[in-house]
Amino acid sequence: LSRGVLCFPLSLFPLPPFNHSLPSSQGVQSTTMTIEDARNMALLFFIDHLVQKNGRRTIHDLSCQFGARGFTEEMREAVGTTQEGLTEFLQSFPSLFTVDGDQVIYTCYDDMSDDSNPILQGGSRNRDYEREAVQFFVNKLTKFGPELQIKSLLGHRSQAAPEVRLVSGRHLKDFCEFLASQHDDFVVEGDRVRLKNMPEPSEEAIEMDDEGRPLAGVKAKQAAVEYLKSVLEQNEDQPIPLDAFYVRFCERFSHVIRQDVATNPKELLQFLKLNRQIFFIRSNKVSLVKNRPPEYGSENGSDDGSSENNNNALFPLDQNALSRIHFVKALKPAQELVDRLVAEVLASDKKAVGFDLKTVQAGEDVFLSLAVVSTTTQIGVFDLASSDVILLESGLRRIAESEQIIKVMHDARRVSTILAHRYALHLRSVFDTQVAHAILQHDKFGKPLHETRPISFINLQRVYYPQSIMMSDVTPRKLSMAPNWGVRPITDEVLLTVVEESHCLIGALHQQLSNLIPVHLRGLFEDKCLEALLASPSRPPPMATPGGLLASSYRPPSANGRRSQLSANAPVFIPAAVQQPKKQTREIACQTFSTGDIRVLDVYYD
């Protein structure tokens, strides 16, 4: 075999006797000898494979060995070239193999010991593959960590030995369970893993704020910038490699502070890019910027879009900003909040608001969960999961369809179809930052608009206004996570994440991008914003169902012209155009939420 010569005591298994007679005529008898030898070699091959794999494999796995190195064409012909032929071959040796369904068990595996079997005396069974796997991932975290996303660490597993890949789990869920079970070496927190025994600075080196508490949030980021800048000033003539730079960073700040800044070299690189007016990165080496580049607004002769001017209208998103955020779940408080927001916007010089809709995807359907409206002084968050009435009757429709109030949004196309088809609500007067980015890419690189890649909001911040990330308490962990906007109740920490996008849109990005768009392309920008608001014709409006979104959204006007507040038990009027067809009998297996056969009566949150 490929691993050398295997020796088995004949007492372990009976082999068909070889025919050593050599007749004068070589024809048929020589062919019989070759097939017999091939059968014996294939038998030893599968025994060796089962011993290495703890004595149990599937028929499919054994059949995959047909293409292994050392498994010759004669051996394949001897055992059969299909899984059925292999099954019959193994069943012909009942004293060696037990075939149970698609599982093949080597019956002599439990009776084998290191003293009695030469195959085990080489020490292969004495290897602790679990310990090897732990050491492999510890080395990877030491090199690329000491903290990484679990899926990132899983990507390094392809470099490990097959035994390490097998013992650490085949899928992400199994891999998470493996890491969590090794509590002496790893600490698993959500979708991240870090080394338990990673180096930490001394207690004297831990930074404290004015109140004697460890630094956190914006203060931690500011302290990190100052320290990293001082390190580079001491080595001004020589750029520092990023890995060595991160080691210096870890020697100064504890893991609690690093969680707010960077938990691995890759995140440190992203953090340095947020402060590109200070740090210069080339070839994975860091140095100080000697000649600071001009601000974005000054590139076209205007400095109205500079970050310094935008900061005056921006309040930082930290715990102190919670008093400016108003979260409503009922109709009457929502109406009062909308009235205050509209009054503030109409009284201001720039009649614009940050407008954001958070969605939840269930299968192929997308539903609205939260609506966020931001001004320069306050933010309104509306819970749409409890009732569609808040969107249609609180005044949010008035803001969304107003020609006078500019809605600053990112990727309006994402929600315009939902609003048009499901709520008969059509957005107007929208400043779409996704379209603005495409226009700027078209102007700078000459790319056709249909070839420009869409940009995520976090990358939009990094490109055009990285200071907004520096001024908020958002951590690298939050930046890498895809939040579930359907989770209730909403905590203060989640609430700050909810308002991040709309707050940044109205606070900085609107003015920044507006100043960057050249005058000769403003007409094209407005046309593309209008095009993004058109409902997609490829997705027809969903059929209304009793208790469904369309049915519960429609409220007939009362006699005095105002919409009546219907109780939960009152009949709901459904327009004739969307009346339900007659009931049909269907199998229970095809009844789903999407077909309307199963209806949600109420949603409860623990």
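Residues numbered from 1 in each chain as written. Predicted model: local features only at pLDDT ≥ 70, side-chain atom pairs only at ≥ 80, totals over all residues. Heavy atoms only, no water.

Points about the packing of aromatic side chains
Then comes step 1: Evaluated as defined, the whole model comprises 13 aromatic pairs.
Then comes step 2: Measuring from ring centre to ring centre gives 5.6 Å for tyrosine 227 and phenylalanine 253, while their planes differ by 90 degrees; the resulting arrangement is edge-to-face. Taken together, the residues span a long stretch of sequence, with tyrosine 227 in helix α9 (residues 217-234) and phenylalanine 253 in the loop between α10 (242-252) and α11 (255-261) at a distance of 26 residues.
Then comes step 3: Residue class for tyrosine 227 comes out buried when judged on its relative accessible area of 17%.
Then comes step 4: Under the relative-accessibility criterion, phenylalanine 253 is labelled buried at 1%.
Then comes step 5: Between phenylalanine 249 and phenylalanine 253, the ring centres sit 5.3 Å apart and the planes meet at 45 degrees, which makes this aromatic pair tilted.
Then comes step 6: Three or more aromatic residues joined by ring pairs form one cluster here, namely Phe45, Phe46, Phe66 and Phe71. (Phe/Tyr/Trp six-rings, centres within 6.5 Å; stacked < 30°, edge-to-face > 60°. Helix = DSSP H or I, 4+ residues; strand = E, 2+ residues; numbered from the N terminus. Buried < 20%, exposed > 50% of the residue type's maximum accessible area, 1.4 Å probe, protein only.)

With respect to the sheet that holds strand β7 (residues 240-241)
Then comes step 1: With respect to topology, 3 strands assemble into an open sheet ordered β7-β9-β8, the strand pairing being antiparallel. The outermost strands of the open sheet, each flanked by one partner alone, are β7 and β8 (279-282).
Then comes step 2: Relative to strand β9 (residues 285-288), β8 runs antiparallel, the two sharing 4 bridges. If you follow phenylalanine 279 over to β9, its bridge partner there is leucine 288. (Pairing = 2+ DSSP bridges.)

Observations regarding the nonpolar core
Then comes step 1: The biggest cluster of nonpolar side chains holds 33 residues, and the ones touching the most others in it are Phe382 and Leu427.
Then comes step 2: Contributions of two or more residues to this core are made by α14 (331-347), β11 (352-362), β12 (365-374), α15 (389-393), α16 (396-400) and α17 (413-423).
Then comes step 3: A per-element tally of this core places α14 first, with 6 residues.
Then comes step 4: Ignoring sequence-local partners within four residues, the contact set of phenylalanine 382 consists of Val328, Ala334, Leu337, Val338, Leu341, Ser369, Leu370, Ala371, Val373, Ile390 and Leu396.
Then comes step 5: Counting 30 residues, the second-largest nonpolar core is a separate cluster that includes Leu215, Ile240, Tyr246 and Leu268. (Core = buried A, V, L, I, M, F, W, Y, C linked by side-chain atoms within 4.5 Å. Contact = heavy atoms within 4.5 Å.)

What about the packing of α9 against α10?
Then comes step 1: Contact geometry of α9 with α10 gives a least axis separation of 11 Å together with a crossing angle of 125 degrees. Between α9 and α10, the angle falls in the class oblique. Every pair of crossing elements has a handedness; the one defined by α9 and α10 is right-handed. Residues Ala224, Tyr227, Leu228, Val231, Leu232 and Gln234 of α9 form the contact with α10, whose own contacting residues are Phe245, Arg248, Phe249 and Arg252.
Then comes step 2: Of the residues in the contact of α9 with α10, the class split is 7 nonpolar, 1 polar and 2 charged. (Axes fitted to C-alpha atoms, helices over the stretch in contact; angles between N-to-C directions. Parallel < 35°, antiparallel > 145°, perpendicular 65-115°, else oblique. Left-handed = near helix turned anticlockwise from the far one by under 90°. Nonpolar A, V, L, I, M, F, W, Y, C, P; charged D, E, K, R; others polar.)

Some details on unusual backbone geometry
Then comes step 1: In this chain, arginine 488 is followed by proline 489 through a cis amide linkage whose omega measures 0 degrees.
Then comes step 2: Take proline 489: it is sitting in the loop between α21 (476-480) and α22 (492-498).
Then comes step 3: Phi is positive for serine 283, close to 55 degrees, though the residue is something other than glycine.
Then comes step 4: Examined against the element boundaries, serine 283 turns out to sit in the loop between β8 and β9.
Then comes step 5: Note on serine 283: relative accessible area 65%, which makes it exposed.
Then comes step 6: Its identity is not glycine, yet aspartate 411 carries a phi of approximately 65 degrees, on the positive side.
Then comes step 7: Within the element layout of this structure, aspartate 411 appears in the loop between β14 (406-409) and α17.
Then comes step 8: Taking relative accessible area as the criterion, aspartate 411 reaches 25% and is therefore assigned partly exposed.

Some details on the sheet that holds strand β4 (residues 147-149)
Then comes step 1: Spatially, β4-β6-β5 is the arrangement adopted by the 3 strands of the open sheet, whose pairing is antiparallel. Two strands bound the open sheet, and with one partner strand each, they are β4 and β5 (186-189). Pairs of neighbouring strands in the sheet enclose a mean axial angle of 25 degrees, with direction left out of account.
Then comes step 2: Summarising the sheet, β4 and strand β6 (residues 192-195) pair through 3 bridges and their orientation is antiparallel. Directly across from glutamate 147, in β6, lies its bridge partner arginine 194.
Then comes step 3: Most of the contacts of helix α5 (residues 129-144) go to β6, to which it runs at about 90 degrees, and overall it touches β4, β5 and β6.

Brief notes about a negative patch on the surface
Then comes step 1: On the surface, Glu226, Glu233, Glu236 and Asp237 cluster together into a patch of negative charge.
Then comes step 2: Looking at the secondary structure, you find glutamate 236 in the loop between α9 and β7.
Then comes step 3: Since its relative accessible area comes to 55%, glutamate 236 is described here as exposed. (Patch = residues over 30% accessible without salt bridge, like charges linked within 9 Å, V, L, I, M, F, W, Y side chains within 5 Å. Areas by Shrake-Rupley, 256 points an atom, 1.4 Å probe, with all protein chains shown as cover. Salt bridge = Lys/Arg side-chain N within 4 Å of Asp/Glu carboxyl O. Lys, Arg positive; Asp, Glu negative; His and termini not counted. Charge placed at Lys NZ, Arg CZ, Asp CG, Glu CD.)

Notes on the pattern of salt bridges
Any two side chains of opposite charge can pair, on the condition that their charged atoms come close.
Then comes step 1: The tally for this structure, following the rule as stated, stands at 15 salt bridges.
Then comes step 2: For lysine 332, the salt bridge goes to glutamate 336, with nearest N and O atoms at 4.0 Å. Taken together, the residues lysine 332 and glutamate 336, both in helix α14 and 4 residues apart, mark about one turn of the helix.
Then comes step 3: Owing to a relative accessible area of 39%, glutamate 336 belongs among the partly exposed residues under this scheme.
Then comes step 4: Salt-bridge contacts for glutamate 403 lead to arginine 428; the nearest nitrogen and oxygen are separated by 3.9 Å. Here the residue glutamate 403 occupies a position in the loop between α16 and β14, and arginine 428 occupies one in the loop between α17 and β15 (430-432), the gap between them amounting to 25 residues.

Things to note about the side chain of aspartate 185
Then comes step 1: Locating aspartate 185 in the fold gives a position in the loop between α8 (172-181) and β5.
Then comes step 2: On the basis of relative accessibility, which here comes to 15%, the residue aspartate 185 falls in the buried class.
Then comes step 3: Here arginine 131 takes part through its side chain, which lies 3.4 Å from a polar atom of the side chain of aspartate 185.
Then comes step 4: When sequence neighbours within four positions are dropped, the list of residues in contact with aspartate 185 reads Arg131, Val134, Val138, Arg194, Leu195 and Lys196. (Polar contact = N/O pair within 3.5 Å; in protein donor to acceptor, adjacent residues only side chain to side chain.)

Side note on the packing of α9 against helix α12 (residues 265-274)
Then comes step 1: It is at 12 Å that the axes of α9 and α12 come closest, and there the two elements cross at 90 degrees. With respect to their mutual orientation, α9 and α12 come out roughly perpendicular. Within the contact between the two elements, α9 uses Lys221, Ala224, Val225 and Leu228 and α12 uses Leu268, Phe271 and Leu272.
Then comes step 2: Looking at side-chain class alone, the contact of α9 with α12 contains 6 nonpolar, no polar and 1 charged residues.

What about α8?
Then comes step 1: Within the sequence span of α8, burial applies to Phe175, Phe178 and Leu179. All buried residues of α8 fall inside an arc of 95 degrees around its axis, so they share one side.
Then comes step 2: In this structure, the buried residues of α8 make contact with α5, α6 (150-155), α7 (162-167), β5 and β6. (Arc of directions from axis to C-beta.)

Considering the pairing of β11
Then comes step 1: In terms of strand pairing, β11 meets β14 through 3 bridges, oriented parallel. Residue alanine 352 lies in a different strand from β14, and its bridge partner there is isoleucine 406.
Then comes step 2: Where β11 and β12 come together, 9 bridges link them in antiparallel fashion. Residue pairing in the sheet places threonine 359 in a bridge with leucine 368 of β12.
Then comes step 3: Taken together, β11 and the strand that follows it, β12, pair antiparallel across an intervening segment of 2 residues, in which glycine 363 is found at a positive phi of about 70 degrees.

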